[in-house]
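Residues per chain, in single letters:
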Amino acid sequence: MAIALSKLNKYFVVEKLIYHSIDLSLYQVSAIIDGVEHYVADERGNLLRATKLLELQKQLRKVSAENTVLRQTSAYDEMIGGPEKGESNALEVPLADNQLY
C-alpha cells in the first residue's frame, strides 16, 4: 500500500519513517502510520526512489516522525542456498535529524 507524499505531509507525527537500502545505492522510503507500513509515492503513484539517501531526506524534510531509521535487509542466506528463517534478518540503524529546512 502506498501513500502520497502530499498526504503524508499533513500528518502531525508518524510513528516511524523507514529509509530502505534496496541496493548498493538505491533507496526507497516507507512510513508507519497507526501500525501499518505504507510506502511513500509521488502524486502520480510512483514510489519515491533515489540514489542518494540525502535526496530522499530532503523530500521528506516536512514529515515529522517519532523514529527515523535506515533499514538494510541481506539476501545472503538466500544466495548461498541456506534454509529459510522464520524471522527477518533486517538491520535497522537510527538516523538523526539533519535539519534540512
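Conventions used here
Residues numbered from 1 in each chain as written. Predicted model: local features only at pLDDT ≥ 70, side-chain atom pairs only at ≥ 80, totals over all residues. Heavy atoms only, no water. Helix = DSSP H or I, 4+ residues; strand = E, 2+ residues; numbered from the N terminus. Buried < 20%, exposed > 50% of the residue type's maximum accessible area, 1.4 Å probe, protein only. Contact = heavy atoms within 4.5 Å. Areas by Shrake-Rupley, 256 points an atom, 1.4 Å probe, with all protein chains shown as cover. Salt bridge = Lys/Arg side-chain N within 4 Å of Asp/Glu carboxyl O. Patch = residues over 30% accessible without salt bridge, like charges linked within 9 Å, V, L, I, M, F, W, Y side chains within 5 Å. Lys, Arg positive; Asp, Glu negative; His and termini not counted. Charge placed at Lys NZ, Arg CZ, Asp CG, Glu CD. Pairing = 2+ DSSP bridges.

- The name given to the protein in an unreviewed UniProt entry is DUF6482 family protein, with SAR92 clade bacterium H455 as the source organism.

1. A word on the overall build of the protein
Logical step 1: Each helix and strand counted, the protein has 3 helices and 7 strands in total.
Logical step 2: Tracing the protein from N to C terminus, the helices and strands come up as β-α-β-β-β-β-α-β-α-β.
Logical step 3: In the protein, which comprises 101 residues, the proportion classed as buried is 28%.
Logical step 4: Here the contacts in the protein between residues at least 6 apart in sequence split such that 54% fall between residues at least 24 apart.
Logical step 5: Counting only carbon and sulfur atoms, one obtains 51% of the accessible surface of the protein, whose full area is about 7,100 Å².

2. Here we look at the pattern of salt bridges
Logical step 1: In total, this model carries 3 salt bridges according to the counting rule given.
Logical step 2: Note that R71 is salt-bridged to E37, the shortest N-O span being 3.7 Å. Note that R71 is positioned in strand β6 (residues 65–72) and E37 in strand β4 (residues 36–41), a separation of 34 residues in sequence.
Logical step 3: Linked through salt bridges whose partners overlap, the residues forming this network are K16, E37, R71 and E92.

3. A closer look at a positive patch on the surface
Logical step 1: A cluster of basic residues, K52, K58, R61 and K62, forms a positive patch at the surface.
Logical step 2: Mapping K52 onto the fold places it in the loop between β5 (49–50) and α2 (53–59).
Logical step 3: By relative accessible area, which is 54% here, K52 ends up exposed.

4. Regarding unusual backbone geometry
Logical step 1: In this structure, D34 is a non-glycine residue whose phi angle is positive, near 55°.
Logical step 2: Summarising the element assignment, D34 is placed in the loop between β3 (26–33) and β4.

5. Here's the deal with the side chain of R71
Logical step 1: Relative accessible area serves as the criterion here: at 17%, R71 is assigned to the buried category.
Logical step 2: When residues no more than four places from it in sequence are discounted, the contact partners of R71 are I18, Y19, H20, S21, E37, A90, L91 and E92.

6. Considerations on the pairing of β4
Logical step 1: Bridge count for strand β1 (residues 2–4) against β4 is 3 bridges, and the pairing is parallel. Its bridge partner being in β4, A4 is matched across the sheet by A41.
Logical step 2: Where β3 hands over to β4, the hairpin turn is made up of 2 residues, of which D34 adopts a positive phi near 55°.

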